[in-house]
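# Structural description and commentary
Spelled out from the first residue to the last, the chains are:
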Amino acid sequence: MKTFKKIGKALLVVVVLILIAIGIFAYTLTPDYSGNKELEGLNEEVSVYYDTYGVPHIYGANEKDAFKTLGYVHAQDRLWQMELLRRIASGGLSEVFGKDLIGTDKFFLSLGIADASKVTVSKINENDEGVILAKAYLDGINQFIKEGPTPVEFYLTGIEKREFVLEDIYNTIGYMAFSFAMAHKTDPLLTTMHAKLGPEYLVDLPLGSKVDTEWIKNYNPSNTDSIQNQLTTLVDDALGKLNIPLFEGSNSWVIAPEKTKNGKVIFANDPHIGFAQPSVWYEAHVETPSYSKYGYHIAGIPFPLLGHNRELAYGLTMFENDDVDFYYEKINPNDENEYWTPEGYVDFNIIEKTIQVKDAEPVSFKFKKTVHGPVLNGIADQINGDRPIAMSWVYTQIENQVIDALFNLSFASNIDQFKAALPKIHAPGLNVMYGDAKGNIAWFATAQLYQIPDTVNTKLIYEIGQGLPVDKKWLPFHQNPQAINPPSHYVYSANNQPDSISGMLYPGYYLPENRAKRIVELLEPKNDWDLTSASHMITDVTSSVEPEIVYNLTKYLDISNLGEKELKIIDLLNLWDGNYELTSIEGTVYNRWIYNILKQTFKDELGDELFSQFLNTHLIKRSIAPLSKNDASLWWDDFETRDHKEDMSEIINRSFEAAVSSLKTDFGTNIKDWQWKNVHTLEHTHPIGQIAALRSFFNVGPFAVEGSREVINNMAFPYDDTGLYKTSSGPSTRRIIDFSDIENSISILPTGQSGNPFSKHYQDQAQMYIDGKFRKMLMNKDVIQKSKEILIFRPKD
């Protein structure tokens, strides 16, 4: 017995020692929020005050020192995120995660982002102030890499840290630009529909711009092959495996002094981005004698994409313009290495790339390139069709000045300087929102647009010799959609259809009017907006459109065949105001019903794979409202019942019965158990959190969450047979700047400032975000300097 006791004591000592070792190891990986450090190349001392939520307030004597320090503090909280983002466009994910990501790496390498980045960097002027500050930022990152603790993810994946260079900045921006695009999900799918079903089936889909929808209005007083569905599958697979933020949509509105209680501009913005951990934005406040900005930074990008100071504020939503085109190419029947052009057959450009793969030999592959762009056949096993398809993307075709633009936006001190920077953003397409302390408000649709003849359908893959020419007719920036100080006294964007330009409605992949309609509905009648009412609006969970859809659908229900419970459900739906609070029963029933309608309407024609792809496009969201009032649509008839022709009424009734039946199966017959909180959840997932044993350590959540698809608080989710709505994207921040009290402006992040799971700021905002709460964006130096956590950087000898 004594022997067993001795063994037990010895084991206890070993366990304690192991726990102590783990604790010490974890402590060494925790970011430093106070103390003293030395930075190489620093000219003067820089002070960093961390507020309650881990936001660094950086005070330096000059911009170069401040941006070097920014790079260091950004890296200590987000180095792993920086590493992943820079690897996507350069085909470096397989080196981290293994052979499953080879297809993803092939796809992104074929896009040519990394090649375009090399060209851009080779042409930059090293003396440009923006380049100097970008390199200072990278120097800060690299010193942390050299001297700081290695994030735990590097240990778990076994990769080595390596220095960051200018190309990494452009590669991250390139990935961001591509993640905005919808053409790769939509054009090949529609081409397949066209070939499989005929053009008449596309008539009932809202492909073009509509004149009866809520537009963003201009005001500028100063001026047949299966290859298609395989391509869509490839892109979905490539983006889906990343498990890092994908850019989706956004809201923003800016209210002029005439409509605010205190007679000053109020600015609101909540970019909608895929949820992940860490979340996309890193907040940092930088002050020097000649520069002031409270900004939101993407990992590895020195200049904020969202920002404000005491003079002005700016933010972004996605324009959703069409800047990607697909072309069929014709191979020379006598020489497979040549393809047809109007000048005759010419050689394909053959590109060879090599991918480093974890625990395996490097993989080399080749792909072809034409005057239009890369040929996507052959870059992954899914692409095995005979007809070559090339992809043309504006981002890689024009000189890249995006870093210059972000620098100039960040340093602008008035609306004229701000507007002058915008033409340098050629892609991705952005709605840039603006407001300032002088009372100016503005919206600019920012992208390099081009002339598109009415005869060209940009939503289909172009046949040989058709489509847009290689040399496009570029439009000057002053013709872009925009509004400056309009008579409505507000500007807004919700990724909806913009007003006409150059005599045409510019084609794009715009989202339905739902959010836009609600925004206008709330902004238009009210003339006493303040910070409190704006914060209520940005968390609004009511749909103005869905009660109309319910009204259209319930007219077709045959109530004679329904029981008492079903009739009660219909009564609830008919009284529903479109609210998606956690207790909503109507929202649960509505979404089950809509999914069953879509499934029974489209799946028989499309089949499982195409229907799944259709559900992942903006087009499906735009189709629901028009379909609810179109009883003549060809889609209502079921392909699989040749001896019977279904109509709208039959599909609506059958879908309602299926929805109610599935809810009874899942939650029982008591409809009080059908509340929205039981089906709509949010979990912030980390790439390593996919490993079950590590999920609770790296992931944040899940939470029951208010909101839904296409309400202002746009907690979006994919539809599938489960009837459970796992939120995939939504507000990546909610920020409101009130120029009547700039120092009490408010914000929130979905999880926290830090991407380091050992940091106390890894998830300290998560519950606040779910609850619709906010925290201050501090700018008052006296308040900031009361912080107990101060990190001092001094020049290194």
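Since the structure is predicted, the reported quantities are computational estimates derived from the model, not experimental observations.

This next bit is on the overall build of the protein chain. Helix and strand content of the protein chain: 22 helices and 28 strands. A total of about 30800 Å² of accessible surface is found on the protein chain, and carbon and sulfur atoms cover 50% of it.

Moving on to the packing of aromatic side chains. The tally for this structure, following the rule as stated, stands at 42 aromatic pairs. By the ring-pair criterion, three or more aromatic residues cluster together here, those being Trp-576, Tyr-580, Tyr-590, Tyr-595, Trp-676, Phe-717, Tyr-719 and Tyr-725. Positioned over the ring face of Phe-717 is Arg-709, at 5.5 Å from the centre of the ring. The ring of Tyr-719 has Arg-709 lying over it, and the distance from NZ or CZ to the ring centre is 4.2 Å.

With that settled, consider the nonpolar core. One finds Leu-79, Ile-141, Ile-173, Trp-281 and Phe-793 to be the most contacted residues of the largest nonpolar core, which totals 154 residues. By residue number, the principal contributor to this core is helix α2 (residues 63-89), which donates 13 residues. Residue contacts for Trp-281: discarding those within four places in its chain leaves Arg-78, Pro-271, Ile-273, Tyr-296, His-297, Ile-298, Leu-305, Leu-306, Ser-732, Thr-733, Leu-749 and Gln-753. Listed in part, the 53 residues of the second largest apolar core include Ile-549, Leu-562, Leu-619 and Ala-659.

Moving on, we come to the pattern of salt bridges. Summed over all chains, the structure comprises 30 salt bridges. Between Asp-115 and Lys-353 there is a salt bridge, and its shortest N-O distance comes to 2.7 Å. One salt-bridge network, in which partners are shared between bridges, spans Glu-83, Arg-86, Arg-87, Glu-95 and Asp-168.

So, on to the sheet that holds strand β9 (residues 312-318). What the eleven strands build is an open sheet, ordered β1-β28-β2-β3-β6-β7-β8-β9-β17-β18-β19; its pairing is mixed. Whereas interior strands pair on both sides, the edge strands pair on one side only; in this sheet they are β1 (35-39) and β19 (482-484). Each neighbouring strand pair of the sheet contributes to a mean axis angle of 20°, computed without reference to strand direction. Sitting on the sheet, α2 touches β1, β2 (46-50), β3 (56-59), β6 (282-288), β7 (291-297) and β28 (789-795), and the angle it makes with β6 is about 160°.

Take the sheet that holds strand β13 (residues 344-347) next. With antiparallel pairing, the three strands of this open sheet are ordered in space as β11-β12-β13. Edge strands, defined here as strands with exactly one partner in the open sheet, are β11 (331-332) and β13. The pairing of β11 with strand β12 (residues 335-341) spans two bridges and is antiparallel. Along β12, the bridge assignment pairs Asn-332 with Asp-335.

Now for empty space enclosed by the protein. Quantified by volume, the largest cavity comes out at close to 140 Å³. Around the largest cavity, the lining is made up of 15 residues, and of these Asn-514, Glu-546, Tyr-590, Lys-621 and Ile-624 lie nearest the centre. Of all the secondary structure elements, the ones that give two or more residues to the lining of the largest cavity are α15 (546-554), α17 (586-615) and α18 (618-627). For the lining of the largest cavity, the per-class residue count stands at eight nonpolar, three polar and four charged.

Between its first and last C-alpha, helix α16 (residues 564-575) extends 17 Å over twelve residues, near the 16 Å set by a 1.5 Å rise per residue. Within the sequence span of α16, burial applies to Glu-566, Ile-569, Ile-570 and Leu-573. For α16, the arc enclosing every buried residue in end-on projection is 100°, short of the 170-degree limit, so these residues lie on one face. Set apart from the buried face of α16 by more than 90 degrees, the exposed residues are Glu-564 and Leu-575. Check the buried side of α16 and you find it contacts α15, α17 and α19 (648-667).

Calculation criteria
- Residues numbered from 1 in each chain as written.
- Predicted model: local features only at pLDDT ≥ 70, side-chain atom pairs only at ≥ 80, totals over all residues.
- Heavy atoms only, no water.
- Helix = DSSP H or I, 4+ residues; strand = E, 2+ residues; numbered from the N terminus.
- Areas by Shrake-Rupley, 256 points an atom, 1.4 Å probe, with all protein chains shown as cover.
- Phe/Tyr/Trp six-rings, centres within 6.5 Å; stacked < 30°, edge-to-face > 60°.
- Lys NZ or Arg CZ within 6 Å of the ring centre and 35° of its normal.
- Core = buried A, V, L, I, M, F, W, Y, C linked by side-chain atoms within 4.5 Å.
- Buried < 20%, exposed > 50% of the residue type's maximum accessible area, 1.4 Å probe, protein only.
- Contact = heavy atoms within 4.5 Å.
- Salt bridge = Lys/Arg side-chain N within 4 Å of Asp/Glu carboxyl O.
- Pairing = 2+ DSSP bridges.
- Axes fitted to C-alpha atoms, helices over the stretch in contact; angles between N-to-C directions.
- 1 Å grid on protein atoms, 1.4 Å probe; cavity = no way out; pocket = protein on both sides within 12 Å on 5 of 7 lines; lining within 4 Å.
- Points joined across faces, edges and corners; volume = space filled by probe spheres on them.
- Nonpolar A, V, L, I, M, F, W, Y, C, P; charged D, E, K, R; others polar.
- Expected span 1.5 Å × (residues − 1).
- Arc of directions from axis to C-beta.

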